[in-house]
Amino acid sequence: MTRCVVVTGVGLVTPLGTGTQKSWQAVLAGKSGIRRISHFDAEATAMACTIAGEVPDFEVGDYVNRKDARKMDTFIQYGIAAAQMALEQSGLEITDANAERVGVVIGSGIGGMPAIERTMRAYEAGGARKISPFFIPMTIINMASGWVSMLTGAKGPNTATVTACATATHAIGDAFEIISRGDADAMIAGGTEACVCELAVGGFAASRALSTRNDEPERASRPWDKDRDGFVMGEGAGVLMLEALETAQARGAEIVAEVVGYGMSGDAFHITSPAPEGEGGARCMKAALKVAGINPEEVDYINAHGTSTPAGDLCETQGIKSVFGDHANKLMVSSTKSMTGHLLGAAGGIEAGFTALAVQHGIIPPTINLDTPGEGCDLDYVPHQAREADIRVAVSNSFGFGGTNASLVLRKFA
């Protein structure tokens, strides 16, 4: 059995703000959520990078009671909040009658690294008695899905993906397949991340992956620009409510977009660098289009991985050209990471959310800070300002360390 799958809810917690509409309006306005790091004194550590996209307005008490919140690291809290938003928008009520047909798959690339960092310091200062009994469940990645399941009552498939920066896209793709084959009627799916901490920022900085444009935080993330010098870390969560079309229609749900394709591939090339000319990403996009039964020339928009790294941006552009041929010059391609930074394991969740909203409302988020395109970066990247357009079909890309790639194809529901 193969069933149509639709998006009925979008939940976003981003450096642009807590709440789907707040983040969506900010991204359409071309606002940046990148600031100097406040979670720790980055300058005192002498790190090369002292900027990040931190969530500016999150109140955990709006989503979780304080007693439970103390058992969670922040990535779990963000995931719960985004899941609640998506579920609320969908209007789906989880009851004893349908609970076993509603599942959760929410991943994270890194999970509770801040809690690991804090606990290690406490252990070194006071020994084993300083380790919280909740240390393990507050750090392991599947607890975002676990808590969402417990708080909502969803008893269907419950799992978590961990595929670096492709995590959330794989999670949504896995949920799409679970519903499509009939193993569930609805899935709460996406990714969450909150690792703006000394170890994570320091680790990425040591690998020279991060931008060092510390004096201009809001201009630091600049995909495809000739002066791009690395990505900017972000935090937050993006979760979609996916449902089988027939169940969504049966209860009169508003449909945001239809998910029609999901592709995966492996580069088999390098631990951090993409395959030459974006070959792995190209195969991934082709696989997603094949599942969707859509020809390349039918695609109108790509929400690109677009991290603002010299090699990654060029390789993705080359991959797009190899898949779409002459049609690549007619595509609109943008990177919302220019405004949110790179949310690692949560990136694909918020970007799939932005893509679904773009399809629904007929407006493309811009790529900000794209002043002078770099060599070989010559597509229509929708620079500086959002653009109204009739979007029938869109693709959302996520590519991760280890050469893991994921693409989703979304279509306007008519």
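Structure: see above.
Thresholds applied
- Residues numbered from 1 in each chain as written.
- Predicted model: local features only at pLDDT ≥ 70, side-chain atom pairs only at ≥ 80, totals over all residues.
- Heavy atoms only, no water.
- Axes fitted to C-alpha atoms, helices over the stretch in contact; angles between N-to-C directions.
- Helix = DSSP H or I, 4+ residues; strand = E, 2+ residues; numbered from the N terminus.
- Parallel < 35°, antiparallel > 145°, perpendicular 65-115°, else oblique.
- Left-handed = near helix turned anticlockwise from the far one by under 90°.
- Contact = heavy atoms within 4.5 Å.
- Nonpolar A, V, L, I, M, F, W, Y, C, P; charged D, E, K, R; others polar.
- Salt bridge = Lys/Arg side-chain N within 4 Å of Asp/Glu carboxyl O.
- Buried < 20%, exposed > 50% of the residue type's maximum accessible area, 1.4 Å probe, protein only.
- Pairing = 2+ DSSP bridges.
- Patch = residues over 30% accessible without salt bridge, like charges linked within 9 Å, V, L, I, M, F, W, Y side chains within 5 Å.
- Areas by Shrake-Rupley, 256 points an atom, 1.4 Å probe, with all protein chains shown as cover.
- Expected span 1.5 Å × (residues − 1).
- Phe/Tyr/Trp six-rings, centres within 6.5 Å; stacked < 30°, edge-to-face > 60°.
- Disulfide = S-S within 2.5 Å.
- Core = buried A, V, L, I, M, F, W, Y, C linked by side-chain atoms within 4.5 Å.

> Describe in detail the packing of helix α3 (residues 74–90) against helix α6 (residues 143–152), supporting the description with residues and values.
Direction vectors running N to C along α3 and α6 enclose 45°, while the axes themselves pass 9 Å from each other. Regarding the angle of α3 to α6, the classification is oblique. For the pair α3 and α6, the crossing hand works out as right-handed. Two secondary-structure elements touch here, α3 through Phe75, Ile76, Gly79, Ile80, Ala83 and Leu87 and α6 through Met143, Ala144, Trp147, Val148, Leu151 and Thr152. Of the residues that constitute the contact of α3 with α6, the class distribution is ten nonpolar, two polar and no charged.

> So, the pattern of salt bridges: which residues are in play, and what are the values?
Applying the stated criterion across every chain, the model contains 24 salt bridges. The partner of Arg222 in a salt bridge is Asp371, with the nearest N and O atoms 3.0 Å apart. With Arg222 in the loop between α8 (198–206) and β8 (236–244) and Asp371 in the loop between β12 (363–364) and β13 (387–388), the pair connects residues that are 149 residues apart, well separated along the chain. The closest approach of N and O atoms between Lys337 and Glu351, which form a salt bridge, is 2.8 Å. Taken together, the positions of Lys337 in helix α12 (residues 337–340) and Glu351 in helix α13 (residues 347–361) put the pair 14 residues apart, joining distant regions of the chain. The same class applies to Lys337 as to Glu351, namely buried. Because the salt bridges share partners, they merge into one network encompassing Arg213, Glu216, Arg219, Arg222, Asp225 and Asp371.

> Describe the pairing of β8, naming the residues involved and giving the relevant values.
Regular strands place their side chains on alternate faces of the sheet. Among the nine residues that make up β8, nine are buried, leaving the element largely enclosed by the rest of the structure. Side chains of β8 alternate between two faces, with Gly236, Gly238, Leu240, Leu242 and Ala244 and Ala237, Val239, Met241 and Glu243 buried alike. Inspection of the sheet shows strand β1 (residues 5–14) paired to β8 by eight bridges, in the antiparallel sense. Note that in β8 the partner of Leu12 across the bridge is Gly238.

> Run through a nonpolar patch on the surface, naming residues and quoting values.
On the surface, Met120, Tyr123 and Ile131 cluster together into a nonpolar patch covering about 270 Å² of accessible area. With relative accessibility at 42%, the residue Met120 sits in the partly exposed group.

> Before we move on, could you go through helix α7 (residues 167–180) and cite the residues and values that matter?
For α7, built from 14 residues, the straight-helix expectation of 20 Å at 1.5 Å per residue is met to within 8% by its first-to-last C-alpha distance of 20 Å. Along α7, twelve of the 14 residues are buried, which leaves the element largely enclosed by surrounding structure.

> Break down α6 for me, citing the residues and quoting the values.
Most of α6 is tucked away, with seven of its ten residues classed as buried. For α6, the full list of buried residues reads Met143, Ala144, Ser145, Gly146, Trp147, Val148 and Ser149. Looking at the buried side of α6, the elements it contacts are α2 (66–69), α3, β5 (102–107), α5 (135–139), β6 (158–159) and β7 (186–193). Positive backbone phi, approximately 85°, marks Gly153, located one or two places after α6.

> Let's hear about the packing of aromatic side chains: which residues, and what values?
In total, this model carries six aromatic pairs according to the counting rule given. One aromatic cluster is present, built from ring pairs that chain together Phe58, Tyr63 and Tyr78.

> Outline unusual backbone geometry, supporting the account with residue identities and numerical values.
Positioned with a positive phi, Ala268 is a non-glycine residue whose angle comes to about 50°. Position of Ala268 among the secondary structure elements: in the loop between β9 (257–266) and α10 (279–292). For Ala268, a relative accessible area of 82% corresponds to the exposed category. A positive phi angle is found at Ser308, which is not glycine, with a value near 90°. Mapped onto the secondary structure, Ser308 falls in the loop between β10 (301–303) and α11 (310–324). Relative accessible area serves as the criterion here: at 0%, Ser308 is assigned to the buried category.

> For the side chain of Arg222, give the residues involved together with the corresponding values.
Arg222 sits in the buried class, given a relative accessible area of 2%. With near-sequence residues (within four places) excluded, Arg222 lies in contact with Arg213, Asp227, Arg228, Ser308, Ile368, Asn369 and Asp371.

> Which residues make up the state of the cysteines, and what are the values?
Scanning the entire structure with this criterion turns up zero disulfides. Considering cysteine sulfurs only, Cys315 is the nearest to Cys377, which forms no disulfide, with 9.8 Å between them.

> Please set out the environment of Asp378 residue by residue, giving values where relevant.
For Asp378, the location among the structural elements is in the loop between β12 and β13. For the pair Asp378 and Ala26, spaced 352 residues apart in sequence, the C-alpha separation works out to 26 Å. Setting aside residues no more than four positions away along its own chain, Asp378 makes contact with Thr317 and Lys321.

> Could you give me a rundown of the nonpolar core, with the residues and numbers involved?
Membership of the largest hydrophobic core comes to 48 residues, with the highest contact counts inside it found for Trp24, Leu242 and Ile391. Ranked by residue count, the leading element in this core is α13, at eight residues. Not counting the four nearest positions on each side in its chain, Ile391 is found in contact with Asp300, Tyr301, Ala358, Val359, Gly362, Ile363, Ile364 and Lys412. Of all hydrophobic cores here, the second largest spans 34 residues; its members include Ala82, Ala83, Leu92 and Ile188.

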